[in-house]
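Listed here are the chains, written in short residue letters.
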Amino acid sequence: MKKKCFKILAKINKMMLPSYTKKKLDITKASKFQLAIIGWRAFVTMSYLD
């Protein structure tokens, strides 16, 4: 059940949230909001893969 929820969240993240790696964003120049999005996407991805 938990894995299914994270799978759905991962798909929603892919559709809704911007991909900063494709935009070649420099992490050192990212705003707090951009860092929060990066952290959220990483958390969901790692939880889905576990």
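A quick note: this is a predicted structure, and the numbers were derived from the prediction, not measured.

*Asks:* Give a description of the environment of Ser-31 that names residues and reports values.
*Replies:* Along the chain, the position of Ser-31 falls in the loop between helix H1 (2-16) and helix H2 (32-49). On the basis of relative accessible area, Ser-31 is assigned to the partly exposed category, the value being 35%.

*Asks:* So what's going on with the packing of aromatic side chains? Which residues, and what values?
*Replies:* We describe a pair of aromatic rings using the distance from one ring centre to the other and the angle between the two ring planes. In the structure shown here, the tally under the stated rule is two aromatic pairs. Between Phe-6 and Phe-43 the ring centres are 5.9 Å apart and the planes differ by 80°, which places this aromatic pair in the edge-to-face class. Of the two residues, Phe-6 is situated in helix H1 and Phe-43 in helix H2; the sequence distance between them amounts to 37 residues. On the basis of relative accessible area, Phe-6 is assigned to the buried category, the value being 12%. Consider the rings of Trp-40 and Phe-43, whose centres lie 5.8 Å apart with planes at 35°: the pair is tilted. Separated by three residues within a single helix, Trp-40 and Phe-43 lie in helix H2, roughly one turn from each other. Among the residues examined, Trp-40 registers a relative accessible area of 38% and is labelled partly exposed.

About the thresholds
- Sequence order as written defines the numbering, with residues in each chain counted from 1.
- Only residues with pLDDT of at least 70 are given local features in this predicted model, and only at 80 or more are side-chain atom pairs given and counted; all residues enter the totals for whole chains, interfaces and linings.
- The basis for every side-chain value is the complete set of non-hydrogen atoms in the structure, without hydrogens or water.
- Numbering goes from the N terminus for both helices and strands, where a helix is a DSSP run of H or I of at least four residues and a strand is a run of E of at least two.
- Throughout, exposure labels follow a simple rule: accessible area from a 1.4 Å probe, protein chains only, divided by the maximum for the residue type, with under 20% read as buried, over 50% as exposed, and the rest as partly exposed.
- The pairing test for Phe, Tyr and Trp rings, Trp by its six-membered ring, is centres within 6.5 Å, and the orientation test on the planes gives stacked under 30 degrees, edge-to-face over 60, and tilted for anything in between.

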